[in-house]
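# Coordinates in review
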Amino acid sequence: MKQTEKQRKQIILLSVSGPDRPGLTSSLTGILGHYKVAILDIGQSDIHQTLNLAIVFEMGEDAQSAPLLKDILMKSYELGLTIKFTPLSHEEYVDWAVNKNNSRYIITVLGRYLTAAEIHEVAKVIASNNLNIRTIYRLTHRPLPDDPDRRVCLEMNVEGAISDRRKMTADFLEVSSRVGVDIAFQQDNMYYRNRRLVCFDMDSTLIQTEVIDELARRAGSGEEVSAITAAAMRGEIDFKESFKRRIKTLAGLPESVLKEVAQTLPLTEGAERLLSALKIYGYKTAIISGGFTYFGQHLQKMLGIDYVFANELEIKDGKLTGGYVGPIVDGVKKAEYLRLLAQMEGLATEQVIALGDGANDLLMLNTAGLGIAFQAKPIVRESAQHSISSLGLDGVLYLLGYRDRHIEDLISRK
């Protein structure tokens, strides 16, 4: 009996395209509803007022296929639509439905401009790894040709079985470096839209300077400290050793200088927009820095950040001693603090986002569920899970799947 019922049922793919306007989907599904068919799958997109609609439906043995198809054809002619019916066998549909249960991934492509050649390069990597693009969405506003702040972000939903994830990541990194766009590759799982904590490195990430360099210039040791800082961020010098050598040169600097430097800290592009949006969306935020607590706390008050972990300068008689208080916050300590915060907030580390630019951030970045090398040195970009170099800090919101119109609507209501 079951086999006879399967043979009697018809499965049809209805493909519709044409100029879009309100009421089209309602009209077509109204006809299908009249004949009491079962919808097995449906998808719709609109690009520049052009509708593309696909419906897979199943007609039971009581359904009258000829009148239904005739009514659909008449309505599509009336609405100026192009329509196509494709019958599917039971075996074809089952094979398609089973294959659609492959793993799914989110590929986010960000840049100031995106050309056809750049999208081609990304799509070529996807195809070479036997993945199929299901949908492409634009998360940013429609770009205007002469906009100096133009930015474009596409989110691609892909599916399939990846044989070599490391190779695919390396392929994306090569394309990103060569054509100048950022490409993030995430698994579409329960954590993708359930991140709850964001941990920031401070110097050259949340702010566009290295504070210790600013202090050293005022202490007369600027060139020496800048050279040590650069080598440490490239991973050429152990962070703890470089920290001790640099801070020693600050001995005798008046405490009042700290306030002067704090008041002139240059925030990174997009920092305020990102922090405002994260607060509205209910994220917890933290600074985990190899810099100094004094400046982290200044930014905490300015931006509404929840936690600060950094190094404590030793001050006596109103002057820096060239020493420090407590443990040095190096790469290992940063990862420890991230895990501690996740535990305090009742989160899995997969729900944590971390951003940093230096070699001492790598452990933290790779401990987080979403680690992002931001405007990072080459060694960091090559070793981190993801990177952003073409946009400001608010580019992180696109990696979380947020759209410009949603972000701006929420911020405007704040």
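Residues numbered from 1 in each chain as written. Predicted model: local features only at pLDDT ≥ 70, side-chain atom pairs only at ≥ 80, totals over all residues. Heavy atoms only, no water.

## Overview of the layout of surface pockets
To locate leftover empty space, one rolls a probe as large as a water molecule over the atoms. For the largest pocket, the calculated volume is near 1,400 Å³. Elements with a contribution of two residues or more to the lining of the largest pocket: strand E2 (38–47), strand E3 (50–59), helix H4 (90–99), strand E6 (132–138), strand E7 (152–159) and helix H17 (404–413). Residue composition of the lining of the largest pocket, grouped by class: 17 nonpolar, 9 polar and 11 charged. Space inside the second largest pocket adds up to approximately 430 Å³. In terms of lining, the second largest pocket is formed by 24 residues, of which the most central are Arg165, Thr169, Phe185, Gln385 and His386. Listing elements by their share of the lining of the second largest pocket, those giving two or more residues are helix H6 (165–179), strand E8 (182–187), helix H15 (378–383) and strand E15 (386–388). Looking at the lining of the second largest pocket, the element that brings in the most residues is H6, giving 7 residues. Its residues assigned to classes, the lining of the second largest pocket shows 9 nonpolar, 9 polar and 6 charged. (1 Å grid on protein atoms, 1.4 Å probe; cavity = no way out; pocket = protein on both sides within 12 Å on 5 of 7 lines; lining within 4 Å. Points joined across faces, edges and corners; volume = space filled by probe spheres on them. Helix = DSSP H or I, 4+ residues; strand = E, 2+ residues; numbered from the N terminus. Nonpolar A, V, L, I, M, F, W, Y, C, P; charged D, E, K, R; others polar.)

## Here's the deal with the sheet that holds strand E13 (residues 352–356)
To summarise the sheet geometry, strands pair through backbone hydrogen bonds and adopt either a parallel or an antiparallel arrangement. Pairing is mixed in the open sheet, where 7 strands are placed in the order E12-E11-E10-E9-E13-E14-E15. At either margin of the open sheet sits one strand with a lone partner, and together these are strand E12 (319–325) and E15. Going across the sheet, the axis of each strand differs from the next one's by a mean of 30°, ignoring polarity. Two elements, strand E10 (residues 284–292) and strand E11 (residues 307–316), share 4 bridges in a ladder whose sense is parallel. Bridge pairing in E11 links Ile287 to Val308. Helix H9 (residues 239–248) contacts E10, E11 and E12 of the sheet and is inclined by roughly 165° relative to E12. The strands touched by helix H11 (residues 271–281) within the sheet are strand E9 (197–200) and E10, with E9 carrying the most contacts at an inclination of about 155°. (Pairing = 2+ DSSP bridges. Axes fitted to C-alpha atoms, helices over the stretch in contact; angles between N-to-C directions. Contact = heavy atoms within 4.5 Å.)

## A few points about the environment of Leu79
Position of Leu79 among the secondary structure elements: in helix H3 (residues 65–79). Along the primary structure Leu79 and Gly220 are separated by 141 residues, whereas in three dimensions their C-alpha atoms are 76 Å apart. In this view, Leu79 contacts Arg21, Leu24 and Ser27; residues no more than four positions away in its chain are not counted.

## Describing the packing of H11 against H17
Helix packing for two helices is described by the angle between their axes and how far apart those axes are. Running from N to C, H11 and H17 cross one another at 80°; their axes reach a closest spacing of 10 Å. Taken together, the axis directions place H11 and H17 in an arrangement best described as roughly perpendicular. For the pair formed by H11 and H17, the contact residues are Arg273, Ser276, Ala277, Ile280 and Tyr281 on the first element and Asp404, His406, Ile407, Glu408, Leu410 and Ile411 on the second. Class assignment of the residues belonging to the contact of H11 with H17 gives a composition of 6 nonpolar, 2 polar and 3 charged. (Parallel < 35°, antiparallel > 145°, perpendicular 65-115°, else oblique.)

## A short note on the pattern of salt bridges
Tallied over the entire structure, the rule returns 21 salt bridges. Of the charged contacts in the structure, one is a salt bridge between Lys333 and Glu336, with a shortest N-O distance of 3.3 Å. A residue pair is termed a helical-turn pair when its members lie 3 or 4 positions apart in one helix, as Lys333 and Glu336 do in helix H13 (residues 331–344) at 3 residues. On the basis of relative accessibility, which here comes to 23%, the residue Lys333 falls in the partly exposed class. The partner of Lys334 in a salt bridge is Asp361, and the shortest N-O contact between them spans 2.4 Å. A residue pair is termed long-range when its members are at least 10 positions apart, and Lys334 in helix H13 and Asp361 in the loop between E13 and helix H14 (362–367) qualify at 27 residues. As far as burial versus exposure is concerned, Lys334 and Asp361 are alike and both buried. (Salt bridge = Lys/Arg side-chain N within 4 Å of Asp/Glu carboxyl O. Buried < 20%, exposed > 50% of the residue type's maximum accessible area, 1.4 Å probe, protein only.)

## Side note on the environment of Gly392
Within the secondary structure, Gly392 is located in the loop between E15 and helix H16 (396–399). Taking the relative accessible area as the measure of exposure, Gly392 reaches 1% and is therefore buried. For the pair Gly392 and Leu274, spaced 118 residues apart in sequence, the C-alpha separation works out to 9.2 Å. Look past the residues within four positions of Gly392 in its chain and what remains in contact with it is Arg112, Glu269 and Phe374.

## A closer look at empty space enclosed by the protein
Here the structure, examined in full by the defined rule, presents 1 cavity of 30 Å³ or more. In this structure, the largest cavity is lined by 15 residues; those nearest its centre are Asp203, Glu210, Phe239, Gly290 and Gly291. Of all the secondary structure elements, the ones that give two or more residues to the lining of the largest cavity are helix H7 (211–219), H9 and E10. Broken down by element, the residue count for the lining of the largest cavity peaks at 4 residues, all from E10.

## Here we look at the packing of helix H2 (residues 24–34) against H3
Here H2 crosses H3 at 165°, and the two axes come no closer than 9 Å. For the element pair H2 / H3, the angle class is roughly antiparallel. For the pair H2 and H3, the crossing hand works out as right-handed. Across from Leu24, Ser27, Leu28, Ile31 and Leu32 in H2, the residues of H3 making contact are Leu68, Asp71, Ile72, Lys75 and Leu79. Residues belonging to the contact of H2 with H3 are distributed by class as follows: 7 nonpolar, 1 polar and 2 charged. (Left-handed = near helix turned anticlockwise from the far one by under 90°.)

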